[in-house]
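So you can see what is in the structure, the chains are spelled out below.
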Amino acid sequence: MLYWLTELSDGGGVFNLFRYITFRAGGAFLTALLFGFLFGPPLINVLRRKQGKGQPIRSDGPESHFVKAGTPTMGGLLIIGAVITSTLLWARLDNPFVWLVLFVTLSYAAIGFADDYAKVKKQNTAGVSGKVRLLLGFLIAAVAGFWATQYHPDALANQLAFPIFKDTLLNLGFFFIPFAVIVIVGSANAVNLTDGLDGLAIMPVMIAAGALGIIAYAVGRVDVTEYLDVHYVPGTGEILVFTAGIFGGGLGFLWYNAPPAAVFMGDTGSLALGGALGAIAVSTKHEIVLAIVGGLFVVEALSVIIQVLYFKRTGKRVFLMAPIHHHYEKKGWAEPQIVIRFWIISLILALIGLATLKVR
């Protein structure tokens with residue numbers, strides 16, 4: 001919204017700063033961070049009063065989690081509020097990709113909120129039916145996938161781009177939308193599975209969002225794409241403002257989610273943020289790179305899939321407990337040790353993903 005202040009500029013002066021995506025991204029970061037610090041305490045107090053016993057703790061989970069009983073959930077409201085506020089304030093509101101990622105974020109946040117609400121009300125971990133969640137997630141992702149194809153350049157529409165090899169495109173045709181659905185729904189649920197320890201999910205989300213924001217800015221500038229030899233997708237640079245909001249809002253949330261957490265992100269935050277990452281990847285034609293920068297989420301999801309399939313086939317378990325972060329808890333690793341090591345892995349993977357922009 002503040003972009004329109006450029007109309008007051010004569011080509012110079014302070015209002016001209018609002019023309020620059022990087023300046024507005026900085027503003028979005030600070031706005032989201034301030035939002036988190038200002039509204040964190042009152043929101044946590046409201047959630048604590050309304051929820052009473054807080055988020056139900058799995059009876060079959062690690063014993064160390066039982067002390068977390070009574071901690072309120074739905075803390076994702078703080079992150080989403082910060083991201084939405086900062087994006088609406090600092091991004092160009094005539095950009096279709098901004099509205100696409102906002103649509104996915106808010107829609108998945110609504111699904112997560114309904115699930116968190118059901119868990120708190122019933123005081124069990126069942127929540128909303130998994131089939132209902134998946135069906136709604138598929139519908140939202142299908143709309144987002146079709147939306148993205150309407151604004152991709154003709155040469156890239158319905159194409160799967162490969163990192164490093166710019167000249168290699170795979171025409172998926174009609175199947176691009178189902179592919180986009182898999183990316184968005186898979187990303188949302190992978191982040192959801194990762195959110196099992198204090199601070200575990202939010203930092204890798206911030207790191208992945210930061211990497212994808214840089215990629216979005218790069219592919220949205222024709223001069224940068226020529227230098228880096230990547231595909232040009234007009235308009236995606238504005239997504240950097242959105243990801244800056246995720247980074248600022250994530251830091252604000254982490255202040256209260258750091259061990260011992262005063263509030264949990266809940267499905268409200270994890271589904272929304274995971275869906276947002278998937279939507280950004282689809283918008284920028286970097287779906288494969290998402291699997292790299294978000295590699296930690298991929299591993300967490302695969303650990304659950306492997307555990308379930310192997311147990312159904314043999315009656316035995318590959319991991320002591322899935323997702324894999326619980327496996328290391330069962331092995332005796334301290335929670336902060338697991339969280340920080342997973343953060344380090346996420347940072348390494350994000351740097352590898354960014355390196356694909358220039359490797360030839």
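Thresholds, definitions, all that
- Residues numbered from 1 in each chain as written.
- Predicted model: local features only at pLDDT ≥ 70, side-chain atom pairs only at ≥ 80, totals over all residues.
- Heavy atoms only, no water.
- Helix = DSSP H or I, 4+ residues; strand = E, 2+ residues; numbered from the N terminus.
- Rg over C-alpha atoms; globule rule 2.2 N^0.38 Å.
- Buried < 20%, exposed > 50% of the residue type's maximum accessible area, 1.4 Å probe, protein only.
- Contact = heavy atoms within 4.5 Å.
- Core = buried A, V, L, I, M, F, W, Y, C linked by side-chain atoms within 4.5 Å.
- Salt bridge = Lys/Arg side-chain N within 4 Å of Asp/Glu carboxyl O.
- Phe/Tyr/Trp six-rings, centres within 6.5 Å; stacked < 30°, edge-to-face > 60°.
- Lys NZ or Arg CZ within 6 Å of the ring centre and 35° of its normal.
- Polar contact = N/O pair within 3.5 Å; in protein donor to acceptor, adjacent residues only side chain to side chain.
- Lys, Arg positive; Asp, Glu negative; His and termini not counted.

### Some remarks on the overall build of the chain
- Each helix and strand counted, the chain has 13 helices and two strands in total.
- Computed over C-alpha atoms, the radius of gyration of the chain comes to 20 Å, within 12% of the 21 Å expected from 2.2 N^0.38 for 360 residues, which places it in the range of a compact globule.
- Summarising its shape, the C-alpha atoms of the chain cover approximately 60 × 45 × 35 Å along the three principal directions.
- The buried share of the chain, reckoned over its 360 residues, is 52%.
- Within the chain, contacts between residues at least 6 apart in sequence are counted, and of these 74% link residues at least 24 apart.

### Digging into unusual backbone geometry
- With an omega of -10°, the peptide bond between Pro259 and Pro260 qualifies as cis.
- Summarising the element assignment, Pro260 is placed in the loop between helix H8 (239–257) and helix H9 (266–284).
- In this structure, Pro323 follows Ala322 across a cis peptide bond, with omega equal to 0°.
- With respect to the helices, strands and loops of the structure, Pro323 is situated in the loop between helix H11 (295–314) and helix H12 (324–330).
- Positive phi outside glycine occurs at Met74, with the angle close to 70°.
- Residue position: Met74 is located in the loop between helix H1 (21–51) and helix H2 (76–90).

### Description of the nonpolar core
- Counting 86 residues, the largest nonpolar core has Tyr108, Ile202, Phe242, Leu273 and Leu277 as its most contacted members.
- Excluding residues that lie within four positions of it along the chain, Ile202 makes contacts with Ile79, Gly250, Phe253, Leu254, Asn257, Met265 and Leu273.
- Listed in part, the eight residues of the second largest apolar core include Leu197, Leu200, Phe319 and Phe342.

### Notes on the pattern of salt bridges
- Using the criterion set out here, one finds seven salt bridges in the structure.
- In this structure, Lys119 and Asp115 form a salt bridge, with 3.2 Å as the shortest nitrogen-oxygen distance. Within this pair, Lys119 and its partner Asp115 are both found in helix H3 (residues 96–122), separated by four residues, close to a single helical turn. With respect to class, Lys119 is no different from Asp115; both count as buried.
- Its salt-bridge partner being Asp267, residue Lys119 comes within 3.3 Å of it at the nearest N-O pair. Remark: Asp267 occurs in helix H9 and Lys119 occurs in helix H3; sequence separation between them is 148 residues. Here Lys119 and Asp267 have matching classes, each one buried.
- Look at the salt bridges and you will find they share partners, linking Asp115, Lys119, Arg133 and Asp267 into a network.

### A look at the packing of aromatic side chains
- Scanning the model with the defined rule gives ten aromatic pairs in all.
- Geometrically, the ring pair formed by Phe29 and Phe247 is tilted, given 6.3 Å between the ring centres and 50° between the ring planes. One end of the pair, Phe29, is in helix H1; the other, Phe247, is in helix H8, with 218 residues separating them in the sequence.
- According to the relative accessible area criterion, Phe29 is partly exposed, its value standing at 24%.
- When its relative accessible area of 31% is taken as the criterion, Phe247 is described as partly exposed.
- Relative to Trp255, the ring of Phe37 lies with its centre 5.6 Å away and its plane at 80°, an arrangement referred to as edge-to-face. Pair noted here: Phe37 is in helix H1 and Trp255 is in helix H8, with a separation of 218 residues, a long-range link.
- Relative accessible area serves as the criterion here: at 62%, Trp255 is assigned to the exposed category.
- Among the aromatic residues, those joined into a ring-pair cluster are Tyr328, Trp333 and Phe342.
- The ring of Trp333 is capped by Arg341, whose NZ or CZ atom sits 4.7 Å from the centre of that ring.

### What to know about the environment of Asp115
- We classify Asp115 as buried; its relative accessible area is 0%.
- When the C-alpha positions of Asp115 and Gly130 are compared, they lie 9.5 Å apart, and in sequence the two are 15 residues distant.
- With near-sequence residues (within four places) excluded, Asp115 lies in contact with Ala126, Gly127, Val128, Arg133 and Asp267.
- Separated by 2.6 Å, the side chain of Asp115 and the backbone nitrogen of Val128 make a polar contact.

### Considerations on the side chain of Asp116
- Looking at the element boundaries, Asp116 is found in helix H3.
- Buried charged residue Asp116 carries no salt bridge. Nearest counter-charge: Lys119, at 4.7 Å.
- A polar contact of 3.0 Å, which involves the side chain of Asp116, links it to the backbone nitrogen of Asp267.

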